[in-house]
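Notes for the structure review
Spelled out, the chains give:
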Amino acid sequence: MEPITVGLLGITHPHASARVRALRAIECVEVVAAADDDPRLNYFTNKYDLEARTTDGVLQDERINAIMIHSKSRDMVPHALRAIDAGKSVVVEKPGGATADDLMRLRQAEAQAAAGQVVQIGYNVRLAPSISRAKELIEHGLIGEVVTVSARGAALAGEHLSQHLNQPADMGGVLWVLGCHMLDALVRMFGAPESVNARVHKSPRLSDESSREDSAAVLLNYSDMSMTYSFDGHDHLEWFESSRITINGTHGMIEVGILPQKLRVYVDEDRAGWPAGWTEWTQSHFTPPFARTEANKFSELPELENLSNFHTEMRGWVDSIRTSAPVVAPVSDALTVARIVDACYRSEKERGAPIDLATA
């Protein structure tokens, strides 16, 4: 089994510690060093038994053959380009950069990478068992042809005001940095839409001058189906607890829940082993809170309790490096998500006018 030795460039994204712990659960994988100019680097490296280094010190270490990037969005692609140039495989925390142009640069670098180098984006909600199972059922035609899809995503109330979601270089706020999760799940299930209409809202009751948008209503236009996506940044439940995807087909429907994992399937008659009517599956227990403590729920270094999707994601990354298995969260899909979000902002400037995704 090929040993994989991992270094981090950037430690301030909330998912950094979760991925360190998820990787250390995989056989023959080491996480050894981290670099960041943030003053909390030593706190992070001491807590997770890593060596604090410079960026050059990480990239020039020949033992390190894989890099995780958890920096500010504006630095994600510059770090990734250097890592790819140094011959390392990379996973870049979602959304993969600060702008759609960043994702285009990363896609171009991936195309020029050496054989065996893996470039993955840190989207892991798409790997939730409920989403994966729903995708399988749709592809096997259980509910017939898909006609309409409605989806909802949300962020915990107050987070849209945090510095993490209002980085000056980012093309947007909570819709870009957190709303991208559910958009990515939709892209995984249904591919790219042809065009986008959107209204992106900022409420004076909820947002001050330092923050950007706090909600959005999006219409994703496909040639043969209608899809809506609503997102808001003031949900009072845990992350993803109220997130839903509902798929309506010509012979039934599927409802997908994220936290906890949930699947409700309706078919109009007995089909493929599924009885007519509703069949429902829910996790036997509620998943742990996403942030471990109340005190750190909006900090840049929270210790996330719920690692289920991180385990799946990191196993996928390692398998791609070791066996050339398909990348579980490819750059091409992340670029599509970035173009969708960019189109949302452009559509809002034109009061909801349609934006062709090919030009976004």
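Placed above this text is the structure.
Residues numbered from 1 in each chain as written. Predicted model: local features only at pLDDT ≥ 70, side-chain atom pairs only at ≥ 80, totals over all residues. Heavy atoms only, no water.

What follows concerns the sheet that holds strand E6 (residues 119-122). Sheet architecture is open: 6 strands sit in the order E3-E2-E1-E4-E5-E6, paired in parallel fashion. The open sheet has two free edges, formed respectively by strand E3 (51-53) and E6, since each of these has just one partner strand. The mean angle between the axes of side-by-side strands here comes to 25°, regardless of whether they run parallel or antiparallel. Pairing of strand E1 (residues 4-9) with strand E4 (residues 66-69), which is carried by 4 bridges, proceeds in the parallel orientation. In the sheet register, Leu 8 faces E4, and the bridge partner there is Met 68. The sheet strands contacting helix H4 (residues 73-85) are E1, E4, strand E5 (89-93) and E6, and the helix crosses E5 at an angle near 175°. (Pairing = 2+ DSSP bridges. Helix = DSSP H or I, 4+ residues; strand = E, 2+ residues; numbered from the N terminus. Axes fitted to C-alpha atoms, helices over the stretch in contact; angles between N-to-C directions. Contact = heavy atoms within 4.5 Å.)

Right, let's talk about helix H9 (residues 308-323) for a bit. With 16 residues, H9 ought to run about 22 Å at 1.5 Å a step, and its terminal C-alpha atoms sit 22 Å apart, in line with that. Residues of H9 that are buried include every one of Asn 309, Phe 310, Glu 313, Met 314, Gly 316, Trp 317, Val 318, Ser 320 and Ile 321, and no others. Looking one or two residues past H9, Ser 324 carries a phi angle of roughly 65°, positive in sign. (Expected span 1.5 Å × (residues − 1). Buried < 20%, exposed > 50% of the residue type's maximum accessible area, 1.4 Å probe, protein only.)

Here we come to the sheet that holds strand E9 (residues 215-221). The strands that make up a sheet are held in pairs by hydrogen bonds between backbone atoms, and each pair lies either parallel or antiparallel. If you walk across this open sheet you meet the 9 strands as E14-E13-E12-E11-E7-E10-E9-E8-E15, and the pairing is mixed. Unpaired on one side and paired on the other, strand E14 (277-282) and strand E15 (355-356) mark the two borders of the sheet. Seen against the sheet, helix H8 (residues 180-190) touches strand E7 (146-156), E9, strand E10 (226-235) and strand E11 (244-249) and runs at an angle of roughly 30° to E11.

The tendency in soluble globular proteins is for nonpolar side chains to be buried as a group. In this structure, Leu 106, Phe 190, Ile 245, Ile 247 and Ile 254 are the most contacted members of the largest nonpolar core, which totals 86 residues. The greatest single-element share of this core, amounting to 10 residues, is contributed by helix H10 (residues 331-349). Counting residues in hydrophobic clusters, the runner-up holds 29 residues, among them Ile 4, Val 29, Val 31 and Ala 66. (Core = buried A, V, L, I, M, F, W, Y, C linked by side-chain atoms within 4.5 Å.)

Tallied over the entire structure, the rule returns 3 aromatic pairs. The interplanar angle of 50° and the centroid separation of 5.1 Å between the aromatic rings of Phe 44 and Tyr 48 together place this pair among those described as tilted. Each of the two residues, Phe 44 as well as Tyr 48, counts as buried. Here the aromatic rings of Tyr 229 and Phe 231 are separated by 6.3 Å at their centres, their planes lie at 35°, and the arrangement is tilted. Its relative accessible area of 2% is what places Tyr 229 among the buried residues. It is Arg 264 that lies over the ring of Trp 278; its NZ or CZ is 3.9 Å from the centre. (Phe/Tyr/Trp six-rings, centres within 6.5 Å; stacked < 30°, edge-to-face > 60°. Lys NZ or Arg CZ within 6 Å of the ring centre and 35° of its normal.)

What follows is about the layout of surface pockets. For the largest pocket, the calculated volume is near 230 Å³. Lining the largest pocket are 15 residues, and of these Asp 36, Asp 37, Asp 38, Asp 75 and His 79 lie nearest its centre. Among the elements that make up the lining of the largest pocket, the one with the highest residue count is H4 (3 residues). Classifying every residue of the lining of the largest pocket gives 2 nonpolar, 6 polar and 7 charged. (1 Å grid on protein atoms, 1.4 Å probe; cavity = no way out; pocket = protein on both sides within 12 Å on 5 of 7 lines; lining within 4 Å. Points joined across faces, edges and corners; volume = space filled by probe spheres on them. Nonpolar A, V, L, I, M, F, W, Y, C, P; charged D, E, K, R; others polar.)

On the surface, Glu 145, Glu 194, Asp 224 and Asp 356 cluster together into a patch of negative charge. Within the fold, Asp 356 resides in strand E15. (Patch = residues over 30% accessible without salt bridge, like charges linked within 9 Å, V, L, I, M, F, W, Y side chains within 5 Å. Areas by Shrake-Rupley, 256 points an atom, 1.4 Å probe, with all protein chains shown as cover. Salt bridge = Lys/Arg side-chain N within 4 Å of Asp/Glu carboxyl O. Lys, Arg positive; Asp, Glu negative; His and termini not counted. Charge placed at Lys NZ, Arg CZ, Asp CG, Glu CD.)

Applying the stated criterion across every chain yields a total of 23 salt bridges. The salt bridge involving Lys 135 is made with Glu 139; its shortest N-O contact spans 2.7 Å. Placement of both Lys 135 and Glu 139 in helix H6 (residues 129-139) is noted, with a separation of 4 residues, approximately one turn of the helix. A relative accessible area of 18% means that Lys 135 is categorised as buried. In the salt-bridge network here, residues are joined through shared partners; they are Glu 51, Arg 53, Asp 61 and Arg 63.

Attention now goes to the pairing of strand E8 (residues 195-201). Judged by how many residues are buried, E8 sits mostly within the fold: 5 of 7 residues are covered. Here E8 runs beside E9; their pairing, made up of 7 bridges, is antiparallel. Bridge pairing in E9 links Ala 198 to Val 218. Note: E8 against E15, 2 bridges, orientation antiparallel. When the sheet's bridge partners are listed, Val 196 is paired in E15 with Ile 355.

Our focus in this paragraph is unusual backbone geometry. Negative phi characterises most residues that are not glycine, and trans characterises most peptide bonds. In this model, Lys 94 is joined to Pro 95 through a cis peptide bond whose omega is 5°. Looking at where Pro 95 falls in the secondary structure, it is placed in the loop between E5 and helix H5 (100-111). Of the consecutive residues Leu 259 and Pro 260, the connecting peptide bond is found in the cis state with omega at 0°. Note that Pro 260 resides in the loop between strand E12 (252-257) and strand E13 (262-267). With a phi angle near 65°, Cys 28 is a residue other than glycine that sits in the positive phi range. Owing to a relative accessible area of 39%, Cys 28 belongs among the partly exposed residues under this scheme. The residue Asp 49 is not glycine, and still its phi comes out positive at about 55°. Assignment of secondary structure puts Asp 49 in the loop between helix H2 (41-47) and E3.

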